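Examining the three-dimensional arrangement
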Amino acid sequence: MHESTARPRVLVARAAFADILAELESVADVEYTADDHIDTPQQLRVRLADKHGAFITNSERIDAELLDACPQLRVVSTMTVGVDHIDLAACAARGVVVTHAPDVLTETTADFGFALLLAAARQIADAERYLREGRWVKWSYGLFAGADVHGTTLGIVGMGRIGQAIARRAAHGFGMRVLYHNRHRLSDALEAQHRAAWRTLPELLGESDHVLLALPYSAAVRHLIGAPQLAQMRPGATLVNVARGGVVDEAALAAALHGGHIGAAGLDVFEGEPAVNPLLLSAPRVVLTPHIASASVPTRRAMVKLAVDNLIAVLQGRAPLTAAGV
Ligand code: DGY
């Protein structure tokens, strides 16, 4: 790869599928992150200082301080759909285009949300650990007898693309009644298609056997589900989170699991991830996974491909395919 002043410079901040990332070399000089380490904010500022474009994941925080240190930056492309790690207003103010990766992960993430719901309600993780630990000595009627999923009521908080994909699975595959809470109500046609009815958050919490969180994160929804909301949920209800960890007050959830009011929980995201609150690690009836809801190989390839295509488009002066607006 040769250096040329005419070619833009791009930082690939994390490792991803090398064959897809290599497409960037057709338009830019690319600096890779060979060992997939995560830069500190200071290291990221230094590496981005002379770059025109950046390929990032949700481990790179893009804020005003970083942008001010990177005056040539024209485009930040995250391979995630979530953009809570990016200060969109600060980017817009400096003319930096932000792109993200919606749509391509919708169905895979919905599959995983459903898998977590089933695993939590039916206690699959606890049961598997019990068997592996050699503790299974006899069949008995109450052994890991959990809650039903089919035919029950699912409350979905956040009815965007992923919420709607989960609603389809619930209504059409599992015969569930679907309630949803969202800032904007869906059209009558979409509500009919998903067999879903809008509720206020307290109504949804009080009427649902299972509650699934699939909303985008912002400071406004931090601890949206705290002790009062958990208390509003039905006794024995399940809580599933495939949104962002910060939506749930994890200490309050651990207490509600210990106390028995919450029947089970399935969590793919955590407020301080990759650190996990020790209170959750020791809580009963909770399935914990390391932020992998979109992690099928075809989907992760599609996310990287979209991020690369977005970068190339903007660097070539074209409109991005999927811009993230303020
Ligand atoms: C996303 O794309 O936002 C997923 O949560 C992975 O970060």
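Just so it is clear, the model here is predicted, and its values are computed rather than measured.

1. Observations regarding the overall build of the protein
Secondary structure assignment for the protein yields 13 helices and 12 strands. Here the C-alpha atoms of the protein give a radius of gyration of 22 Å, agreeing with the 20 Å that 2.2 N^0.38 yields for 326 residues. C-alpha atoms of the protein, sized along the principal axes, occupy 70 × 50 × 30 Å. Within the protein, the proportion of its 326 residues that are buried is 49%.

2. Some words on the site of the ligand
Around the ligand, the structure places Asn 58, Thr 80, Val 81, Gly 82, Leu 105, Arg 244, His 291 and Met 303. At 2.7 Å, a backbone N or O of Val 81 approaches an oxygen atom of the ligand. Measuring from an oxygen atom of the ligand, one finds a backbone N or O atom of Gly 82 at 2.9 Å. Protein coverage of the free-state accessible area of the ligand, which is 230 Å², stands at 89%. Across the shell around the ligand, the residue classes break down as three nonpolar, four polar and one charged.

3. Re the nonpolar core
Within the largest apolar cluster, 52 residues are counted, with the highest numbers of intra-cluster contacts made by Leu 24, Phe 55, Leu 154, Ile 156 and Ile 166. Ranked by residue count, the leading element in this core is helix α13 (residues 297–315), at nine residues. Among the domains, domain 1 (3–104 + 298–315) and domain 2 (106–288) are the pair contributing at least three residues each to this core. Among residues more than four places away in sequence, those in contact with Ile 156 are Gly 163, Ile 166, Ala 167, Val 178, Leu 179, Tyr 180, His 181, Leu 204 and Leu 212. By size, the runner-up hydrophobic cluster in this structure holds 29 residues, among which are Leu 213, Leu 257, Ile 262 and Ala 283.

4. Notes on the environment of Thr 200
Topologically, Thr 200 is positioned in the loop between β8 (196–198) and α9 (201–207). Judged by relative accessible area, which is 28%, Thr 200 ranks as partly exposed. Through-space distance from the C-alpha of Thr 200 to that of Arg 122 is 28 Å; in sequence the pair is 78 residues apart.

5. Examining the pairing of strand β3 (residues 53–56)
Burial along β3 is two-sided: Gly 53 and Phe 55 facing one way and Ala 54 and Ile 56 facing the other are all buried. As paired strands, strand β1 (residues 9–12) and β3 are joined by three bridges and run parallel to one another. Following the sheet pairing, Leu 11 is matched in β3 by Ala 54. In this structure, β3 lies alongside strand β4 (residues 75–78), joined through four bridges in parallel fashion. Looking at the pairing, Phe 55 lines up with Ser 77 of β4.

What counts and what doesn't
- Residues numbered from 1 in each chain as written.
- Predicted model: local features only at pLDDT ≥ 70, side-chain atom pairs only at ≥ 80, totals over all residues.
- Heavy atoms only, no water.
- Helix = DSSP H or I, 4+ residues; strand = E, 2+ residues; numbered from the N terminus.
- Rg over C-alpha atoms; globule rule 2.2 N^0.38 Å.
- Buried < 20%, exposed > 50% of the residue type's maximum accessible area, 1.4 Å probe, protein only.
- Near = heavy atom within 4 Å.
- Polar contact = N/O pair within 3.5 Å; in protein donor to acceptor, adjacent residues only side chain to side chain.
- Areas by Shrake-Rupley, 256 points an atom, 1.4 Å probe, with all protein chains shown as cover.
- Nonpolar A, V, L, I, M, F, W, Y, C, P; charged D, E, K, R; others polar.
- Core = buried A, V, L, I, M, F, W, Y, C linked by side-chain atoms within 4.5 Å.
- Domains from an automatic or database assignment.
- Contact = heavy atoms within 4.5 Å.
- Pairing = 2+ DSSP bridges.

Coordinates in, geometry out; function isn't part of it.
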